Structure formats: C-alpha cells, structure tokens
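# Structure at a glance
The lines below spell out each chain.
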Amino acid sequence: MIYTITINPALDYVLDVESLQTKDINKAQSDRIYYGGKGINVSVILSRLKVDNTALGFLAGFTGRHLEEMLKAEKIRTDFLYLDRGDTRINVKIRAQYELDINAPGPEINEKDIKSLLKKLGRVRDGDFIVLAGSAGTIKSDDIYERILEHLDGRDIKAVIDTTGNMLLRTLKYKPFLIKPNHHELGALFGVELDADDEMEKYAKELQKMGASNVLVSRGEKGAFLMDKNANTYRIDNFPGTVLNTTGCGDSMVAGFIAGYIERGDFAYALKLGTACANATAFSPSLARADEIKNIVNSNILTIR
C-alpha cells in the first residue's frame, strides 16, 4: 500500500481574468475549483494509474468536507483526520497577463493533532510506501516529517520525501527511498546555483552521503536527472508540447516514478513514467488523465541518457 500525507491541503480557486488592474473592479471570464496539496496530487495521479493508495492528512470545516467529497467522487481512497477548528484553506490563483497566486495559511495544527496522525500511521506495514510531500503548514517546527519517520523506524518502509530545506535534511538520517528536490531547491540546500549536469551529480552524491537512497531532480524545461542508490545516473528531456499549467507537475513526477518502480523495479522506466506524468500535467489545465500519460509513454519520444 502507498500512503500519502498532506499536512496542509487546499482548495484552489482559479480565476481567468483578461487583464488584471488595480484601479477598477476585475471581472473574471471563468472560474473553477480544484483540490490541492502535494500529497493529494500524488494520490490522484497514482489512482489514475490504477495504483492502490490512501490519502492521509488534516482537513477542517466545510471546505475540508468539500475537498474530500471531490476526491471520493474520483474514487480516491481517503482517511483524513478532521480538526475541530478552522477550515481547510482556499488558495486563489489568478490567471491574467501574468499569474498571481495567493496561498492562505490554513488551520492551526497542534501537538494533539500530530499525535493522532502518528497513531493512525500504526497501520503502515513492511513493504509499504509513505509519501511525505509539501510544507508543514501552520506547524511551527520543521520536524514533522522527521517525527513521522522516527515513529516508523525499524519497519521496512520506502519513504518518499518531496519538501525543502531543513524539513528535507532532517529526514535523511532515516535513509529515505527517494527524495525529489527541483534544481533550485537542490542548490538552496548547499547555498549554490545549479545548472550543469556535473553539478547535479556532485550534490546528489552529497545527499546520498547524508542518507538518501535515490535522488530525483526535476529541472523544469530541461527535464530531469536521477542518481540511483548504486550511483548510476539517468537524464531525460521533456516531451515536446505547449505548457498550460505548472501546478502539480513535480507531484505527478513523484507519482509516476513510484508507479513505474512498482511496475518494473527499474529506475530508468520509473524516471520515464515519472517524466511522462509531469509532462502530461504540464500540457493539461489540471492534473493529467491516464490516457494523456499513456500517449506520451507509448510515443517512444522520451529517451533515457
């Protein structure tokens, strides 16, 4: 089983505005609501790829109930903890002559809530995957993922970490199966700006020395780079297409990588499927559909170098 954890989910309210201005009322041509949160995005793509998983995390209020209803309508298995205060946040995304994103903080999460989550994770068994993705929301400390892995320590669990900074670094002593920084985040971990492939390799090796097994680096328009646990390197370019959306591309890559690894146990194929998922989402107004992913994978255009 795969468990995804989203500490601070969201509803994303997207408004299309012809030209954003500050001196008068702005009128939207269209609006739509999507579910959001990195772990939730991973669960959605996994489900569309027919990979069994359960979405965990915290929800609150009427917005939380609506988010869960949206997921269940797509037959996504959920088991969220409901907070007794606040509401799941609504993020506003304005698409005009430029993109304007306003992310809300979300409801307060306290120590009692964290202990409830750790108790729920008692179901995790040897051989399971656990995906820890995104920020800590309103949790003041940056040790939530470290505490989860400490709670699960001693079990044969494949942890996948997609977060930044100290939250990521604090998990490495538990030897996560996969970490997925983008190239900006990888550079920020070491106080450098990265671009060249040899630099990716250098700092990926440093993260492996610190405990990471496999390091997957998403590089935006330049594709992706993977260093596996045996220090083999893989590079892949993007599938050609028109980018409509960048939200959820990294999460889609994580989901595709896990699905590909489970399917074949092959890192090259996992990278290919992960990249196909990321590209399909980039070419879609929201998260990619299974047929869009399949078309890219079966095209034989994506090649590993």
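Throughout what follows, the structure given in this document is the object of discussion. (Residues numbered from 1 in each chain as written. Predicted model: local features only at pLDDT ≥ 70, side-chain atom pairs only at ≥ 80, totals over all residues. Heavy atoms only, no water.)

### Comments concerning the overall build of the chain
Put simply, the rule is: Strands are runs of DSSP state E lasting at least 2 residues, helices are runs of H or I lasting at least 4, and numbering of each runs from the N terminus. Radius of gyration here uses only the C-alpha atoms, and the compact-globule reference equals 2.2 Å multiplied by the residue count raised to the power 0.38. When accessible area is computed with a 1.4 Å probe and restricted to protein chains, residues below 20% of their type maximum are described as buried, those above 50% as exposed, and intermediate ones as partly exposed. It only takes one pair of heavy atoms within 4.5 Å for two residues to be counted as in contact. Accessibility throughout is a Shrake-Rupley quantity obtained with a 1.4 Å probe, and a residue counts as covered only by protein chains that appear here. The charge count treats Lys and Arg as positive and Asp and Glu as negative. His and the chain ends do not count. Charged groups are reduced to one reference atom each: NZ for lysine, CZ for arginine, CG for aspartic acid, CD for glutamic acid.
The helix and strand inventory of the chain stands at 10 helices and 13 strands. For 305 residues, the compact-globule formula gives about 19 Å, and the C-alpha radius of gyration of the chain, at 19 Å, lands near that figure. Here the C-alpha coordinates of the chain stretch approximately 55 × 45 × 40 Å along the principal axes. Scored against the burial criterion, the 305 residues of the chain give a buried share of 53%. For the chain, the proportion of contacts with a sequence separation of at least 24, taken over those separated by at least 6, is 65%. When the accessible surface of the chain is totalled, it reaches about 14100 Å², and 48% of it is carbon and sulfur. Computed over 40 positive and 42 negative side-chain charges, the separation of the two mean positions in the chain equals 3 Å.

### Observations concerning the layout of surface pockets
Counted only if it meets this: A pocket here means an open set of points on a 1 Å grid, computed over the protein atoms alone, that has protein on both sides within 12 Å along at least five of seven lines. A cavity is instead a set of points where a 1.4 Å probe fits but cannot get out; residues with an atom within 4 Å of a point line either one. Grid points are joined across faces, edges and corners, and a volume is the space filled by probe spheres set on the points. Classes in brief: Ala, Val, Leu, Ile, Met, Phe, Trp, Tyr, Cys and Pro nonpolar; Asp, Glu, Lys and Arg charged; the others, Gly included, polar.
Of the pockets and cavities examined, the second largest pocket occupies roughly 270 Å³. Lining the second largest pocket are 17 residues, with Ile157, Lys158, Ala159, Tyr174 and Lys175 sitting closest to its centre. Of all the secondary structure elements, the ones that give two or more residues to the lining of the second largest pocket are helix H4 (144-152) and strand S9 (158-162). Residue composition of the lining of the second largest pocket, by class: 9 nonpolar, 2 polar and 6 charged.

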